[in-house]
Amino acid sequence: MKLYYLGPKGTFSYLAATQYKSESEIEFVPKSNLYEVVASVSEDSQSIAVVPIENSIEGTINIVADALTQQNIYAQSELHLDIQFALYGSENATVNDISTVYSIGPAISQTSQYIQAHGFDIAYVDSTIKSLDKISQNVGAIAPLGSGEAYGYTSIAQNIEDYPHNVTRFLVVSNQPKHIEQATDTMLLITPKFDKPGLLASILNTFVLFNINLSWIESRPLKTQLGMYHFFVQADTPISEDLSKVIKILNTLDFQVTIIGTFNKLN
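None of the values given here were measured: they were computed from a predicted structure.

### Concerning the sheet that holds strand S14 (residues 229-235)
- With respect to topology, four strands assemble into an open sheet ordered S13-S14-S12-S15, the strand pairing being antiparallel. Since the sheet does not close on itself, it has two edges, and those belong to strand S13 (214-221) and strand S15 (255-263), each with one partner. Between one strand and the next, the sheet's axes are offset by a mean angle of 15°, whatever the strand orientation.
- Helix-sheet contacts for helix H3 (residues 62-70) involve strand S12 (185-192), S13, S14 and S15, and the interaxial angle to S14 is about 95°.
- Running at roughly 155° to S15, helix H7 (residues 241-252) makes contact with S12 and S15 of the sheet.

### Quick look at the domain arrangement of the protein
- Segmentation of the protein into domains returns domain 1 (2-83 + 166-174), domain 2 (85-158) and domain 3 (185-263).
- Here domain 1 and domain 3 have C-alpha centroids that lie 24 Å from each other.
- Each side of the interface is counted separately: domain 1 has 16 residues, and domain 3 has 14 residues.
- Both sides together, the interface formed by domain 1 and domain 3 hides about 1,200 Å², and carbon and sulfur atoms give 59% of it.
- Where Asp66 meets Arg220, a salt bridge forms, and the shortest distance between an N and an O atom there is 2.8 Å.
- Connecting domain 1 to domain 3 are six residue pairs in polar contact (both at pLDDT 80 or more).
- For the side of domain 1 that touches domain 3, the secondary structure elements donating two or more residues are strand S3 (47-55), H3, strand S5 (74-82) and strand S11 (167-174).

### Side note on the UniProt feature "domain: Prephenate dehydratase" (unreviewed entry) in the protein
- Feature annotation in UniProt assigns "domain: Prephenate dehydratase" (unreviewed entry) to the following positions: residues 2-175.
- Counted over residues 2-175, helix gives 24% and strand 36%. Its end C-alpha atoms are 13 Å apart.

### Topic: the layout of surface pockets
- Considering only enclosed or pocket space, the largest pocket measures out at about 520 Å³ in volume.
- If you trace the largest pocket, you find 26 residues lining it, with Leu6, Leu34, Pro52, Ile104 and Pro106 closest to the centre.
- Elements that contribute at least two residues to the lining of the largest pocket include exactly helix H1 (12-20), helix H2 (34-43), S3, helix H4 (105-110) and S11.
- With four residues, H4 is the single largest residue contributor to the lining of the largest pocket.
- Broken down by class, the residue content of the lining of the largest pocket amounts to 15 nonpolar, ten polar and one charged.
- Counting residues domain by domain, the lining of the largest pocket receives three or more from each of domain 1 (2-83 + 166-174) and domain 2 (85-158).

### Structural notes on the packing of aromatic side chains
- Per the stated rule, a full pass over the model turns up six aromatic pairs.
- Taking 5.8 Å as the distance between ring centres and 70° as the angle between the ring planes, the aromatic pair formed by Tyr14 and Phe28 counts as edge-to-face. With Tyr14 in helix H1 and Phe28 in strand S2 (residues 27-31), this residue pair connects regions lying 14 residues apart in the sequence. The exposure classification of Tyr14 matches that of Phe28, with both residues buried.
- An aromatic cluster is defined as three or more aromatic residues linked by ring pairs; in this entry it consists of Tyr5, Tyr14 and Phe28.

### As for the nonpolar core
- With 28 residues, the main nonpolar core has Leu3, Val50, Leu87, Val101, Phe120 and Ile142 as its most contacted residues.
- At the level of elements, strand S1 (2-6), H1, S3, S5, strand S6 (85-89), H4, helix H5 (112-118) and S11 are the ones that each hand at least two residues to this core.
- Shared between two domains, this core takes at least three residues from each, and those domains are domain 1 (2-83 + 166-174) and domain 2 (85-158).
- Those residues in contact with Leu3 that lie beyond four places of it in its chain are Ala17, Lys21, Ile26, Glu27, Phe28, Val29, Ile48 and Val50.

### Here we look at the packing of helix H6 (residues 199-209) against H7
- Closest axis-to-axis distance for the H6/H7 pair is 9 Å, and the angle between their directions is 150°. On the basis of the axis angle, H6 is roughly antiparallel to H7. Note on packing geometry: the crossing formed by H6 with H7 is right-handed. Residues Ser202, Ile203, Thr206, Phe207 and Leu209 of H6 pack against Leu243, Val246, Ile249 and Leu250 of H7.
- Classifying every residue of the contact of H6 with H7 gives seven nonpolar, two polar and no charged.

### Quick word on the sheet that holds strand S8 (residues 121-124)
- Taken in spatial order, the five strands line up as S8-S7-S9-S6-S10 in an open sheet, and their pairing is mixed. Of all strands in the sheet, those bounded by a partner on one side alone are S8 and strand S10 (154-158). Direction aside, neighbouring strands of the sheet carry axes that sit 35° apart on average.
- The pairing of S6 with strand S9 (residues 139-144) spans four bridges and is classified as antiparallel. If you follow Leu87 over to S9, its bridge partner there is Ile142.

Criteria and thresholds
- Residues numbered from 1 in each chain as written.
- Predicted model: local features only at pLDDT ≥ 70, side-chain atom pairs only at ≥ 80, totals over all residues.
- Heavy atoms only, no water.
- Pairing = 2+ DSSP bridges.
- Helix = DSSP H or I, 4+ residues; strand = E, 2+ residues; numbered from the N terminus.
- Axes fitted to C-alpha atoms, helices over the stretch in contact; angles between N-to-C directions.
- Contact = heavy atoms within 4.5 Å.
- Domains from an automatic or database assignment.
- Buried area = accessible area lost by both parts, 1.4 Å probe.
- Salt bridge = Lys/Arg side-chain N within 4 Å of Asp/Glu carboxyl O.
- Polar contact = N/O pair within 3.5 Å; in protein donor to acceptor, adjacent residues only side chain to side chain.
- UniProt positions renumbered as here; feature names shortened; annotations may be inferred.
- 1 Å grid on protein atoms, 1.4 Å probe; cavity = no way out; pocket = protein on both sides within 12 Å on 5 of 7 lines; lining within 4 Å.
- Points joined across faces, edges and corners; volume = space filled by probe spheres on them.
- Nonpolar A, V, L, I, M, F, W, Y, C, P; charged D, E, K, R; others polar.
- Phe/Tyr/Trp six-rings, centres within 6.5 Å; stacked < 30°, edge-to-face > 60°.
- Buried < 20%, exposed > 50% of the residue type's maximum accessible area, 1.4 Å probe, protein only.
- Core = buried A, V, L, I, M, F, W, Y, C linked by side-chain atoms within 4.5 Å.
- Parallel < 35°, antiparallel > 145°, perpendicular 65-115°, else oblique.
- Left-handed = near helix turned anticlockwise from the far one by under 90°.

Here you go:
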């Protein structure tokens, strides 16, 4: 069985994947971008993938959210990973030697205060680990804390993230639905059949009616016309009698409801 993740080894996706399975239990297969991760798992019934869905600073990872609506992939578990960054440079380099830093967009954004304080120029690569390849006398890399050492680099500065409680939520996904009876969470995709006033309010009020808490609400364009959206909701409940009633009511109110997955959070 394979586990696809956004590689190479040492990325936050890799670190999250190791929380779920060890490399002795399953074959880790790195991919160069999230599109490839999603495409690979959607076409391989003997595989899973670990993908980021939400960061506490940056919000929803739209590539993955859209994949949940467009591809045949389903959530089967949830992982949380503390996000800690370090600045890596060439041997004996100091912060004062660095003029330019490389990393991915979210990493640059989540260390922006440190970057601005030191007046670094910024440049982008496809993964945090690829930024290590750019290291030279005056060029540094912003990568996950602890990852650079595996490639022979020493951190110049540690814990350079803007917020100390930065967390990314990952989903374990496969192309087969897997429902857990005693799950902590159920993720639903709610799609209106047509536009009308109070769409979101009618969805939320239905969950309130049965006292079901929602830990995540996200809208994404329906991609059929401007102003039309569907909604992700994550309910703190398994598929219970009350949740089944919510789904029936939403169907009556002209919403299509798809169960993305029922699963447990593995913090």
